[in-house]
Amino acid sequence: MTQRNERSFQGFHRADGSIGVRNHLLVLSIGGLTIPTARRIASSIRGALMVGFPYNAGSLLGDDRATWRRSIFRMPVHPNVGAVLLIGDNPVLAAEVAAEVARSGRPFAALTMDDCDHDAVTLTERGLRAAARLAMAISSDRRTPAPLSALCLGLECGRSDPSSGLVSNPLLGRVADRLVDAGGRAIIGETVEWLGAEHLLERRAATPAVAAAIRAAVRRREETAISHGLDLTGNNPGPTNIAAGLSSIEEKALGNVAKSGSRPIQGVLAYGEAAGAPGCWVMDAPAYASESLTGFTVAGAQLMLFTTGVGNSFVSALAPTLKVSANPVTCTKVGEQLDLDASRVFLGEEPPEAAADRLWQRMLEVANGAATWGEVLGEGDEVVARYGPAM
Amino acid sequence: MDAIRLSPDDSVATVLRAVSRGERVRIGGGGADIVLEAIENVPLCHKIALMALRPGDRILKYGEPIGEATQAIRPGGHVHVHNLRSLRARAR
């Protein structure tokens, strides 16, 4: 790989020390009842981004409660968020989240139904004025040089086919290694897609305890499938994967883990848990791309690399997501979805290291502000995973 | 090269273009290059058997087991969910 001398990108430095690659005004609905209002407000402000949490975090239990609270508290202080309008139906929770945002030094406003006589139209009007002022306030923020070590990269695959494991995922692995070598962080998730390849991850574990945690996470997912009588074939790999040529979870997993590169694995993160130190990490999380990406977002990943076999339009809302495919048919069909066409590697016409270099360069351009196809087309959402019953 | 064998011990190769029954398929990648006749159509990215497999035989790709054969498979045959099953997440 051509090692050009990039050690920095142009980012937004936050008062809390994090560095973003975007400067979003986030309109965040922390409860389900105010999502329509949040959507109405965000659609009226150019460039505003809306994320809604459809449940009441107060009534969730166990892992769900921990996951949702982490998500609601961390998403508004994500490095790519410049200012926040919090909207909700729970004034106590809204005040707690507002305090967290205030500590981060970001401009924000918080409004609940309770502040607006329980009237969504009043909430819309007050929210719109507050959001407009926040958008104006961050419009003068500027990018300044930032070290690559500030970057955290989420690594995803979706609607995979055998070209993903053969070409695209190893490309992500090369880029992940390069970022880790520059002092940054990289995370893979999708625990069920380690089944049959967990020994490869265990071998790279930084300590025996990390290897044991990887093994335990895989065993929990496998036992869950068995105890529910779920045959993974048809579920993961799903029907699209199977039509494209993947025959078993082991085959898919062996291709999947190549995304994580080759560097030591520092630890197993819970869903949405931030990587505490530089290096490569694994996140024990669901495999479906929408939930998986949000796990990385909550963990603070500013950028995502996402491979696809047959095409997958989904991207993170908060973190620019670069889409990669190596399937020559796919590359001709979904050109306005793919940020990198790696089909020439698949056809033996381009060395993998050259394609990895192109991906690295494009990733840095996106970090500096160039748009991804997902951003241009307004794709993107955040979907927090759910596990169990609620009150 | 029409199909790639990822590891010398692999029992299958991944076809890099759709191949039709009766075609001669050049296999490259890990291990010696060979030429094999496809005995079935194999769609793009799907797997072609490089050796005879009996029911219960482990099927290797990336040099690692990806499942077992559920029926006899002849060299040049299409290997997929109709004749391969996962070894994981099965009730013991």
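All chains use their own residue numbering, which begins from 1 and follows the written sequence. Chains and ligands are labelled sequentially in the order written, the chains with letters from A and the ligands with numbers from 1. Local features are withheld for residues below a pLDDT of 70 in this predicted model, meaning they are given only at 70 or higher, and side-chain atom pairs are given and counted only at 80 or more; totals for whole chains, interfaces and linings count all residues.

**Observations regarding the sheet that holds strand β6 (residues 58-61) of chain B**
Keep this limit in mind: Pairs of strands are assigned from DSSP output, requiring at least two bridges between the strands. Helix and strand definitions follow DSSP, with helices as H or I runs of at least four residues and strands as E runs of at least two, each counted in order from the N terminus. We call two residues in contact when their backbone-placed C-beta atoms lie within 7 Å. Axis definition: a line fit to C-alpha positions, over the contact stretch in the case of helices; interaxial angles, taken between N-to-C directions, run 0 to 180 degrees.
Spatial strand order, β6-β7-β9 (chain B): three strands in an open sheet with antiparallel pairing. This sheet does not close on itself; its edge strands, each paired only once, are β6 and β9 (84-85) of chain B. As defined by bridge partners, β6(B) adjoins strand β7 (residues 64-69) of chain B across four bridges and the pair is classed as antiparallel. Within the sheet, the bridge partner assigned to K61(B) lies in β7(B) and is E64(B). With respect to the sheet, helix α9 (residues 249-256) of chain A is in contact with β6 and β7 of chain B, its orientation differing from that of β7(B) by roughly 165 degrees.

**Side note on the sheet that holds strand β8 (residues 152-158) of chain A**
All names here are of chain A. The strand order across the open sheet formed by seven strands is β10-β11-β9-β8-β12-β13-β14, and the pairing between neighbours is parallel. Edge positions in the sheet fall to β10 (265-269) and β14 (340-341), since each of these pairs with one other strand and no more. When strand β12 (residues 303-308) meets strand β13 (residues 321-325), the two strands line up parallel, connected through four bridges. Residue L305 lies in a different strand from β13, and its bridge partner there is L322. Sheet strands touched by helix α7 (residues 208-227): β10 and β11 (279-283). Its angle to β10, the strand with the most contacts, is close to 40 degrees.

**Re helix α4 (residues 120-138) of chain A**
All names here are of chain A. Here is the rule: What a helix is expected to span follows from its residue count: subtract one and scale by 1.5 Å. Neighbour counting defines burial: a residue surrounded by 20 or more other C-beta atoms within 10 Å of its own C-beta is buried, one with 12 or fewer is exposed, and intermediate counts give partly exposed, using backbone-placed C-beta atoms. An arc is given here, and it is the one of the directions from the helix axis to the C-beta atoms.
Counted at 1.5 Å a residue, the expected span for α4 with its 19 residues is 27 Å, and the 26 Å between its end C-alpha atoms agrees. When we look at burial in α4, the residues that qualify are L123, T124, G127, A130, A131 and L134. For α4, the arc enclosing every buried residue in end-on projection is 145 degrees, short of the 170-degree limit, so these residues lie on one face. Summarising the geometry of α4, the exposed residues directed more than 90 degrees from the buried face are V121 and R129.

**What about the interface of chain A and chain B?**
Our working rule: Polar here means any residue outside two lists: the nonpolar Ala, Val, Leu, Ile, Met, Phe, Trp, Tyr, Cys and Pro, and the charged Asp, Glu, Lys and Arg; Gly therefore counts as polar.
In this complex, chain A contributes 24 residues to the contact, which on the side of chain B involves 24 residues. Elements with a minimum of two residues in the side of chain A that touches chain B: α5 (162-181), α7, α8 (239-244) and α9 of chain A. Of the residues forming the side of chain A that touches chain B, the biggest block, four residues, is contributed by α9(A). Class assignment for the residues of the side of chain A that touches chain B results in twelve nonpolar, eight polar and four charged.

**As for the pairing of β10(A)**
All names here are of chain A. With five of five residues buried, β10 is to be regarded as a mostly interior element. Relative to β11, β10 is paired through three bridges, and the arrangement is parallel. Across the sheet, residue L269 finds its bridge partner in β11, namely M283.

**Digging into the confidence of the model for chain B**
Applicable threshold: Per residue, pLDDT captures the predictor's confidence, and it can take any value from 0 to 100.
Taken over all residues, the pLDDT of chain B has a mean of 96, while the share at 70 or more is 98%. We note a pTM of 0.96 for the whole complex and an ipTM of 0.97 for its interfaces.

**Looking at the packing of α5(A) against α9(A)**
All names here are of chain A. Keep this limit in mind: When describing relative orientation, an angle under 35 degrees is termed roughly parallel and one over 145 degrees roughly antiparallel, while 65 to 115 degrees is termed roughly perpendicular and anything else oblique. Handedness of a helix crossing follows the sense of rotation of the near helix relative to the far helix, less than a right angle counterclockwise being left-handed and clockwise being right-handed.
Where α5 contacts α9, the axes come no closer than 8 Å and their chain directions differ by 15 degrees. Here α5 is positioned roughly parallel relative to α9, judged by the angle of their axes. You can see that α5 and α9 cross each other, and the crossing is right-handed. Residues S164, G165 and N169 of α5 pack against L254, G255 and N256 of α9. Grouping the amino acids of the contact of α5 with α9 by side-chain chemistry returns one nonpolar, five polar and no charged.

**Overview of the nonpolar core**
Residue and element names in this part refer to chain A. For the record, the criterion: The nonpolar core criterion groups buried Ala, Val, Leu, Ile, Met, Phe, Trp, Tyr and Cys residues into a set whenever they are joined through C-beta atoms within 7 Å. An automatic or database domain assignment is the source of the domain bounds shown.
Of all hydrophobic cores here, the largest spans 150 residues; its most connected members are V27, L86 and I187. Considering every element that reaches this core, the biggest residue donor is α5, with eight residues. When residues of this core are assigned to domains, at least three fall in each of domain 1 (24-138) and domain 2 (152-376). Setting aside its immediate chain neighbours within four residues, L86 contacts L28, I30, P76, A94, V97, A98, F108 and A110.

**Notes on unusual backbone geometry**
With the exception of glycine, most residues fall at negative phi, and the peptide bonds are largely trans. Residue and element names in this part refer to chain A. The linkage connecting N236 with the following residue, P237, adopts the cis geometry, with an omega of 5 degrees. Considering the arrangement of structural elements, one finds P237 in the loop between α7 and α8. Even without being glycine, E190 reaches a positive phi, approximately 60 degrees. Along the chain, E190 turns up in the loop between β9 (185-188) and α6 (198-203). When the 28 C-beta atoms within 10 Å are taken as the criterion, E190 is described as buried.

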